[in-house]
Amino acid sequence: MSKQKVSFVAVGFLGGIAAGTLMWSHMQRQYRRNLFSRHALRRVAALGYLRARPTVNTAQLLREYVAWEPRAILRQRGVRMLKRLEATL
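Here is a short report on the structure shown in this document.

With respect to the pattern of salt bridges
So, step 1. As enumerated under the stated definition, the model contains two salt bridges in all.
So, step 2. Note that arginine 43 is salt-bridged to glutamate 69, the shortest N-O span being 2.8 Å. One end of the pair, arginine 43, is in helix 2 (residues 40-51); the other, glutamate 69, is in the loop between helix 3 (56-68) and helix 4 (72-88), and 26 residues separate them in sequence.
So, step 3. When its relative accessible area of 2% is taken as the criterion, glutamate 69 is described as buried.

The structure is reproduced here in structure tokens:
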């Protein structure tokens, strides 16, 4: 391989990493916003996202969510997550 081809491959690789990092960051913000979505499936995905982030902010957000959630099954899931989170903090 020539040096020029190696340079193109390296630039493409680094560009892909940069684009992937930006997309990942956007997705994380989007999942957090979807916790209060009108679509139940998006709320389920947001709960899954938050489960991996045991912080004080997550606990506060889950308290608000549990008070807001109209569906009993999702509210119960939020309560269970909140109890586990409070036990670990």
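Observations regarding the side chain of serine 37
So, step 1. Note that serine 37 resides in the loop between helix 1 (3-33) and helix 2.
So, step 2. On the accessibility criterion, serine 37 (10% relative accessible area) is buried.
So, step 3. Separated by 3.0 Å, the side chain of serine 37 and the backbone nitrogen of histidine 39 make a polar contact.
So, step 4. The contacts of serine 37, once residues within four sequence positions are left out, are Arg42, Arg43 and Trp68.

Rules used in this analysis
- Residues numbered from 1 in each chain as written.
- Predicted model: local features only at pLDDT ≥ 70, side-chain atom pairs only at ≥ 80, totals over all residues.
- Heavy atoms only, no water.
- Salt bridge = Lys/Arg side-chain N within 4 Å of Asp/Glu carboxyl O.
- Helix = DSSP H or I, 4+ residues; strand = E, 2+ residues; numbered from the N terminus.
- Buried < 20%, exposed > 50% of the residue type's maximum accessible area, 1.4 Å probe, protein only.
- Polar contact = N/O pair within 3.5 Å; in protein donor to acceptor, adjacent residues only side chain to side chain.
- Contact = heavy atoms within 4.5 Å.

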